[in-house]
Amino acid sequence: GIVGAGMFFLRSFMGYVGLGVFLLLVFLHLSMKMPVRHHIARINIAQGNTGYHRYMLIEGAIHHFSEWFLIGTKSTAHWYWAAEDITNQFILEGVRGGFLTLALFVATIVIAFRLVGKTWRQSTMTTPGIALMWSMGVALFVHCTNFIAVSYFGQAGLVWFLLLAMIASVAEQAEQSTSLIVPVAGVGQGRGVPRRARVGAT
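Throughout, residues of each chain are indexed from 1 in the direction in which the sequence is written. For this predicted model, a pLDDT threshold of at least 70 governs which residues receive local features, and a threshold of 80 or more governs which side-chain atom pairs are given and counted, while totals over whole chains, interfaces and linings are taken from all residues. The basis for the side-chain values is all heavy atoms of the structure; hydrogens and waters are excluded.

Novice: Tell me what's going on with the overall build of the protein, and back it up with residues and numbers.
Specialist: Secondary structure summary: the protein contains nine helices and two strands in total. Numbering goes from the N terminus for both helices and strands, where a helix is a DSSP run of H or I of at least four residues and a strand is a run of E of at least two. Ordered by position from the N terminus, the helices and strands of the protein form the series α-α-α-α-α-α-α-α-α-β-β. Relative accessibility under 20% of the residue-type maximum defines a buried residue, over 50% an exposed one, and the middle range a partly exposed one, all with a 1.4 Å probe and only protein chains included. For the protein, the residues scored as buried account for 33% of the 202 residues in total. Of the roughly 13,300 Å² that the protein leaves accessible, carbon and sulfur atoms contribute 69%. Surface exposure here means Shrake-Rupley accessible area, sampled with a 1.4 Å probe, where a residue is shielded only by the protein chains that are shown.

Put into structure tokens, the structure is as follows:
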């Protein structure tokens with residue numbers, strides 16, 4: 001969250017930042033003996049952490065893809081010891097409903113990120129509005145990070161759905177405010193340079 005908030009000052013270069021992160025992951029994947037996802041197992045913030053379990057869960061989902069890709073699976077306990085503890089929201093979506101459910105879940109995240117990026121870049125957005133939309137994008141990024149290590153249950157899911165609703169609502173309001181800008185007759189229109197004004201503006 002802190003990293004995402006700090007990137008607000010580099011928001012104009014996010015395309016380059018995203019490309020750089022992608023190329024770095026590809027480089028690490030090709031240069032390391034283990035796949036790049038093995039970094040999850042190397043995270044050791046506290047003693048007794050379960051990073052290795054989360055790495056093995058991803059490995060189990062990949063190696064047992066044929067078991068769950070169609071309509072999901074009833075149990076993952078046979079993947080490895082303690083694999084029934086699915087601490088990964090992405091894998092949980094696949095286990096519950098198959099690859100299509102997982103794909104729709106990822107598509108929801110992608111659409112939400114696209115809405116955030118499209119909205120804060122609109123010319124009608126004020127600085128506070130840009131900061132508000134950026135904070136929603138940071139919250140979305142934090143959720144996606146959590147999904148790698150946590151599967152939501154109970155009231156935790158309400159926070160996730162609330163964020164999606166907030167992003168869609170603000171994006172819709174911003175889109176409506178943009179649609180209120182219409183061309184009007186004015187000086188220079190005959191030369192192909194029409195003026196623009198807001199509906200209702202004096």
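Picking up after the structure, the text goes on.
Novice: Now, about the packing of helix H7 (residues 99-120) against helix H8 (residues 127-149): what can you tell me, with residues and values included?
Specialist: At a minimum axis separation of 9 Å, H7 and H8 run at an interaxial angle of 160 degrees. On the basis of the axis angle, H7 is roughly antiparallel to H8. As H7 packs across H8, the resulting crossing turns out to be left-handed. Two secondary-structure elements touch here, H7 through Phe 105, Ile 109, Ala 112, Phe 113, Leu 115, Val 116, Thr 119 and Trp 120 and H8 through Ile 130, Met 133, Trp 134, Gly 137, Leu 140, Phe 141, Cys 144 and Phe 147. Gly counts as polar in this scheme, as do all residues outside two lists: the nonpolar Ala, Val, Leu, Ile, Met, Phe, Trp, Tyr, Cys and Pro, and the charged Asp, Glu, Lys and Arg. Broken down by class, the residue content of the contact of H7 with H8 amounts to 14 nonpolar, two polar and no charged. Orientation is described by axes fitted as lines to C-alpha atoms, over the contacting stretch for helices, and by angles from 0 to 180 degrees between their N-to-C directions. Roughly parallel means an angle under 35 degrees; roughly antiparallel, over 145; roughly perpendicular, 65 to 115; everything else is oblique. Less than a right angle of anticlockwise turn of the near helix away from the far helix marks a crossing as left-handed, whereas a clockwise turn marks it as right-handed. We call two residues in contact whenever any of their non-hydrogen atoms come within 4.5 Å of each other.

Novice: Which residues make up the packing of aromatic side chains, and what values do they have?
Specialist: A pair of aromatic rings is counted whenever rings of Phe, Tyr or Trp (Trp by its six-membered ring) have centres within 6.5 Å, and the orientation is called stacked for planes under 30 degrees apart, edge-to-face for over 60 and tilted otherwise. This structure, assessed with the given rule, holds 13 aromatic pairs. Arranged with centres 6.0 Å apart and planes meeting at 50 degrees, the rings of Tyr 52 and Tyr 55 form a pair that is tilted. Of this pair, Tyr 52 and Tyr 55 both sit in helix H4 (residues 51-63), three residues apart, which is roughly one turn of that helix. Between Trp 120 and Trp 134, the ring centres sit 5.6 Å apart and the planes meet at 75 degrees, which makes this aromatic pair edge-to-face. Here Trp 134 lies in helix H8 and Trp 120 lies in helix H7, a separation of 14 residues in the sequence.

Novice: A description of the pattern of salt bridges should follow, citing residues and the corresponding values.
Specialist: Should the charged atoms of two oppositely charged side chains come close, the side chains can pair. Criterion for a salt bridge: a side-chain nitrogen of Lys or Arg within 4 Å of a carboxyl oxygen of Asp or Glu. Per the stated rule, a full pass over the model turns up one salt bridge. A salt bridge links Glu 59 to Arg 37; the shortest N-O distance between them is 2.4 Å. Of this pair, Glu 59 sits in helix H4 while Arg 37 sits in the loop between helix H2 (14-31) and helix H3 (39-42), and the two are 22 residues apart along the sequence. We classify Glu 59 as buried; its relative accessible area is 11%.

Novice: Just give me the short version of H8, but keep the residues and values in it.
Specialist: Here a helix's expected span is defined as the number of its residues, less one, multiplied by 1.5 Å. The terminal C-alpha atoms of H8, which comprises 23 residues, lie 34 Å apart, in line with the 33 Å expected from a rise of 1.5 Å per residue. When we look at burial in H8, the residues that qualify are Gly 129, Ile 130, Met 133, Trp 134, Met 136, Gly 137, Val 138, Leu 140, His 143, Cys 144 and Phe 147.

Novice: Can you explain unusual backbone geometry? Please cite residues and give values.
Specialist: Positioned with a positive phi, Ala 82 is a non-glycine residue whose angle comes to about 75 degrees. On the secondary structure map, Ala 82 appears in the loop between helix H5 (65-68) and helix H6 (89-97).

Novice: Account for the side chain of Ser 151, naming residues and giving values.
Specialist: Along the chain, the position of Ser 151 falls in the loop between H8 and helix H9 (156-179). In this structure Ser 151 comes out as buried when scored by relative accessible area, which is 17%. Here a polar contact is recorded for every N or O atom pair within 3.5 Å, except that within protein the pair must consist of a potential hydrogen donor and a potential acceptor, and residues adjacent in sequence are included only if both atoms are side-chain atoms. Within the structure, Ser 151 has its side chain in polar contact with the backbone oxygen of Ile 86 (distance 2.8 Å). Among all residues touching Ser 151, those that are not within four sequence positions of it are Ile 86, Thr 87, Asn 88, Gln 89 and Leu 92.

Novice: Describe the layout of surface pockets, with residues and values.
Specialist: The definitions used throughout rest on a 1 Å grid laid over the protein atoms alone, on which a cavity is an enclosed set of points accommodating a 1.4 Å probe that cannot get out and a pocket is an open set flanked by protein within 12 Å on both sides along at least five of seven lines; lining residues are those having an atom within 4 Å of a point. Grid points are joined across faces, edges and corners, and a volume is the space filled by probe spheres set on the points. Of the voids in this model, the largest pocket is the one considered here, and its volume is about 1,900 Å³. Looking at the largest pocket, it is lined by 50 residues, and the ones nearest its centre are Leu 25, Phe 141, Cys 144, Thr 145 and Ile 148. Contributing elements (two or more residues each) for the lining of the largest pocket: helix H1 (2-6), H2, H3, H4, H6, H7 and H8. Residues of the lining of the largest pocket, tallied by class, amount to 33 nonpolar, 14 polar and three charged. One number sums up the size of the second largest pocket: a volume of about 180 Å³.

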